[in-house]
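# Architecture at a glance
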Amino acid sequence: MTSQVTFRVKVAVTDRHGVVVVGDCPSLGGWDPHKAVELQREENDMWSCTVPLPEGTPVRYRYMVCDIRQDKTQKKLMIIKWETYRQPRTFTPNGKSCVADGGSFGSYDGSGCAVDQGWLVDETEIRLRFHSSKSPPIIIFNQENVNRKFFIKVMPINIQNLQKQTVDGKYNSPTCEETPVTCKVLNDTQWCPVLQDQWGHLWENDNYLIFTTKVFNPQEWAFDILLYAESEISDAQSNSHTPPVAKATVLPTNMTGSTGVVSAPLHNNHNRLIGQINVDYLIITPMAGEVCTAEVSYARYWKKRKTLDVGHRGMGNSYTAALVAHIRENTIASFMSAANHGAAFVEFDVQLTKDKVPIVYHDYKTCISTKMKGGTGGTQLMEIAVMELTLDDVQSLKLDHKTAKKLPAEKEASIDEEEPPDLHPFPTLRKVCSTLPEHVNLNIEVKFPLLQQNGAWEEEMDTYFDRNEIVDIIMREVLENGGKRRILLSSFDADCCVLLRRKQNKYPVLFLSQGVTERWEEMMDVRCRTVPMAMNFALAEGLLGVDIHAEDILRNPSFVEEIAKLKLVCFVWGEDINNPTNMSLLRSMEVDGIIYDRMSDHREPGLYQFETEEQNGPFLAGISQHTHH
């Protein structure tokens, strides 16, 4: 028997947006947002649709607010926000016709609202950023005006519409309201999301100013950047037609690759050159294919427990630590040993080979053994970037860690061909996922070389893969092979964290922060330099939390309380944790996780299994809800 089920929900949306329902049965799209059923608008913000469903068979479903566009060939979808309770709505059809009255959008089990931003489906997100990480974004040539403060406004321009001018020269170009631009203001003391107003937003030296828009055809969009003098804004309040004092234009052809800086000339209202503006852009493209569904999201969930033990590269740094691990780092054997000693997660680093295969290895460079001409002089070790080696190369050539160059010349490479395969370096991410039992949870760090404030690149890696390409390849592997295990994603690169968050909806992301330290060079990106900035960045991007260097926390323990007040998860990493006194202190602070070496020095081996699926339900059971709009 078939039952005609009417789905009803109350939600206020703009005229551009609609509401859809998606669920676990074919009639509701099988969790595929592209196949979701559209609801029709009624009175008083009510929406409804009627769907034939099998009588007596329970269905699970969620509501979404979407921007749906239909072009000549296909329907394109932009998810504005969606319901993200770990357990979706449920309803059992009964009778010839019935009503599944959903009440209010995002609230249906009496425990508050659970709504999150959508992930990228068909649209591309374009961000224009203005900050002083490397140099001031606004440069005025006239010394009389060099100290003036300016409001910055970003206006999207559809180039296709410019080409469709009417006979009288007029054209229909989308307004800022039709292609909305959001603005985030980020600094050490706050973050604040706003819709840019009539004059945009005031630029100040300590701010990291982000303008964001989402479009379906990024190659069709240019951006006018308008500057308004702060001193003239108060006078202009009564005159909505006050012109900007300067304008620059960024064309889509100026923005090549995922990130970069465009330097555009600034002209005044008389078309005279008065300066230049430096625009740091980030382009986030959606992952190809139907890799994400609406079935479940753990991106904003966390269950507060006692401090979790996380195995750094498995059983620890085996090359450069003060006390090196006895099992080679980032190997299957190291991960299994850490799990057997009670690690709740094993942490490891993932990067790509030349043929774009995700592998587990920490350093960007390795050493290859070479022989001199004539067969004399023995072998020599030469550094080579991992990205220049194929998977077959790293698994078949005689390679060693960079530290081997400091060993005596007669010493052979430390990788023994007779070792068991689980001790071999460079395992693929797929092998890690398929070999480790599902109770071994993963903390995956996505590698990307950082620019230091002294102008040098990490390990001299000034050339690397495109960020969108890296994240797409790694995330596809994780989504396809992660199974039911718990997975945390992280990166020291702030833009990689943004991409990890925006491209998928399933796994949570932590921002790794070096913070203030004398051990390493300070990073160029201001988002990486301090704990307060890291916290505000995590909040602004809807990340689960932060992963802070132990030196910062031990110097200023109040950071832990501040992070907790912001409802962010706090992990801590660093060699200082290997000290038992520091480890005990961090546990007493109730940080969420500590990432450390040589777990065998602190925990006895045994049969450990961290909150199994059978014991606690899927992923993070009994979780506290973080809500992000």
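Because the structure is predicted, anything quoted here is derived from the model rather than measured.

## Quick notes on the overall build of the chain
- Looking only at helices and strands, one finds twelve helices and 35 strands in the chain.
- Taken across its 629 residues, the chain has 55% of its residues classed as buried.
- Relative to all contacts within the chain whose residues are 6 or more apart in sequence, the contacts with residues 24 or more apart total 70%.
- As presented, the chain carries roughly 27,800 Å² of accessible surface, and 50% of it is formed by carbon and sulfur atoms.

## Regarding the packing of aromatic side chains
- One pass over the full model with this rule turns up 14 aromatic pairs.
- Centre to centre, the rings of Phe 335 and Phe 348 are 5.0 Å apart; their planes meet at 40 degrees, and the pair counts as tilted. A residue pair is termed long-range when its members are at least 10 positions apart, and Phe 335 in helix H3 (residues 332-340) and Phe 348 in strand E24 (residues 345-352) qualify at 13 residues. The exposure classification of Phe 335 matches that of Phe 348, with both residues buried.
- Look at Trp 520 and Trp 573: their rings are 5.9 Å apart centre to centre, the planes differ by 25 degrees, and that puts the pair in the stacked class. Note that Trp 520 is positioned in the loop between strand E31 (509-513) and helix H8 (531-541) and Trp 573 in strand E33 (residues 569-573), a separation of 53 residues in sequence.
- Cluster of aromatic residues (ring-pair linked, three or more members): Tyr 364, Phe 448, Tyr 464 and Phe 465.
- The ring of Trp 302 has Arg 305 sitting right over it, with the charged end atom 5.0 Å from the ring centre.

## A look at the sheet that holds strand E1 (residues 2-10)
- Pairing within the open sheet is mixed, and its four strands lie in the order E4-E5-E1-E9. Bordering the open sheet on either side are strand E4 (40-41) and strand E9 (97-104), each of which pairs with just one other strand.
- In terms of strand pairing, E4 meets strand E5 (residues 46-54) through two bridges, oriented antiparallel. Bridging from a neighbouring strand, Arg 41 pairs with Trp 47 of E5.

## Structural notes on the side chain of Glu 347
- With respect to the secondary-structure elements, Glu 347 resides in strand E24.
- Within the buried set, Glu 347 has no salt-bridge partner at all; the shortest N-O distance to an opposite charge, 5.3 Å, is to Arg 313.
- In this structure Glu 347 touches Val 310, Gly 311, His 312, Arg 313, Gly 314, Asn 330, Phe 335, Asn 443, Glu 445 and Ile 595, once residues within four positions along its chain are discounted.

## Focus on the layout of surface pockets
- Quantified by volume, the second largest pocket comes out at close to 1,100 Å³.
- Around the second largest pocket, the lining comprises 42 residues; the ones closest to its centre are Arg 313, His 362, Glu 458, Trp 520 and Trp 573.
- For the lining of the second largest pocket, the secondary-structure elements that each account for two or more residues are E24, strand E29 (441-446) and strand E34 (593-596).
- A total of three residues in the lining of the second largest pocket trace back to one element, the largest contributor, which is E29.
- Counted by class, the lining of the second largest pocket contains 13 nonpolar, twelve polar and 17 charged residues.

## Observations regarding the pattern of salt bridges
- The final tally for this structure, using the stated rule, is 34 salt bridges.
- Two residues, Glu 83 and Arg 89, come together in a salt bridge whose shortest N-O distance is 2.6 Å.
- For Arg 89, a relative accessible area of 4% corresponds to the buried category.
- For Arg 603, the salt bridge identified is with Asp 309, shortest N-O distance 2.9 Å. A residue pair is termed long-range when its members are at least 10 positions apart, and Arg 603 in the loop between E34 and helix H12 (613-616) and Asp 309 in strand E23 (residues 308-312) qualify at 294 residues.
- The class of Arg 603 is partly exposed, set by a relative accessible area of 23%.
- Relative accessible area serves as the criterion here: at 5%, Asp 309 is assigned to the buried category.
- Where salt bridges share partners, they join Glu 125, Arg 127, Lys 184, Arg 502 and Glu 541 into one cluster.

## Focus: the packing of helix H6 (residues 467-481) against helix H7 (residues 494-503)
- Contact geometry for H6 and H7: axes closest at 10 Å, N-to-C directions at 50 degrees. The angle between H6 and H7 falls in the class oblique. As H6 runs across H7, the sense of the crossing is right-handed. Contact residues: Arg 467, Asn 468, Val 471, Asp 472 and Met 475 in H6; Asp 495, Cys 496, Leu 499, Leu 500 and Lys 503 in H7.
- Classifying every residue of the contact of H6 with H7 gives five nonpolar, one polar and four charged.

## Description of the confidence of the model for the chain
- On average, residues of the chain score 89 in pLDDT, and 89% of them are at 70 or above.
- Every residue in residues 612-629 scores below 50 in pLDDT, and together they form 53 contacts with partners more than four places removed in sequence or on other chains.

## Describing H7
- Across the ten residues of H7, ten count as buried, placing the element largely inside the fold.
- For H7, the set of buried residues is Ala 494, Asp 495, Cys 496, Cys 497, Val 498, Leu 499, Leu 500, Arg 501, Arg 502 and Lys 503.

## Side note on the nonpolar core
- Counting 94 residues, the largest nonpolar core has Met 64, Val 346, Phe 348, Ile 444 and Met 475 as the members making the most contacts within it.
- The element best represented in this core is H8, accounting for eight residues.
- Dropping the residues within four chain positions of it, Phe 348 is found in contact with Asn 330, Phe 335, Val 360, Leu 429, Val 432, Leu 442, Asn 443, Ile 444 and Glu 445.
- Formed by 32 residues, the second largest nonpolar core is a distinct cluster that contains Ile 152, Ala 246, Met 255 and Ile 283.

## What about the environment of Val 5?
- Mapped onto the fold, Val 5 is located in strand E1.
- Take Val 5: its relative accessible area is 0%, and that puts it in the buried class.
- Apart from residues no more than four positions distant in its own chain, Val 5 is found in contact with Cys 49, Thr 50, Val 51, Leu 53, Phe 91, Pro 93, Cys 98 and Ala 100.

The rules behind each value
Residues numbered from 1 in each chain as written. Predicted model: local features only at pLDDT ≥ 70, side-chain atom pairs only at ≥ 80, totals over all residues. Heavy atoms only, no water. Helix = DSSP H or I, 4+ residues; strand = E, 2+ residues; numbered from the N terminus. Buried < 20%, exposed > 50% of the residue type's maximum accessible area, 1.4 Å probe, protein only. Contact = heavy atoms within 4.5 Å. Areas by Shrake-Rupley, 256 points an atom, 1.4 Å probe, with all protein chains shown as cover. Phe/Tyr/Trp six-rings, centres within 6.5 Å; stacked < 30°, edge-to-face > 60°. Lys NZ or Arg CZ within 6 Å of the ring centre and 35° of its normal. Pairing = 2+ DSSP bridges. Lys, Arg positive; Asp, Glu negative; His and termini not counted. Salt bridge = Lys/Arg side-chain N within 4 Å of Asp/Glu carboxyl O. 1 Å grid on protein atoms, 1.4 Å probe; cavity = no way out; pocket = protein on both sides within 12 Å on 5 of 7 lines; lining within 4 Å. Points joined across faces, edges and corners; volume = space filled by probe spheres on them. Nonpolar A, V, L, I, M, F, W, Y, C, P; charged D, E, K, R; others polar. Axes fitted to C-alpha atoms, helices over the stretch in contact; angles between N-to-C directions. Parallel < 35°, antiparallel > 145°, perpendicular 65-115°, else oblique. Left-handed = near helix turned anticlockwise from the far one by under 90°. pLDDT = per-residue confidence, 0-100. Core = buried A, V, L, I, M, F, W, Y, C linked by side-chain atoms within 4.5 Å.

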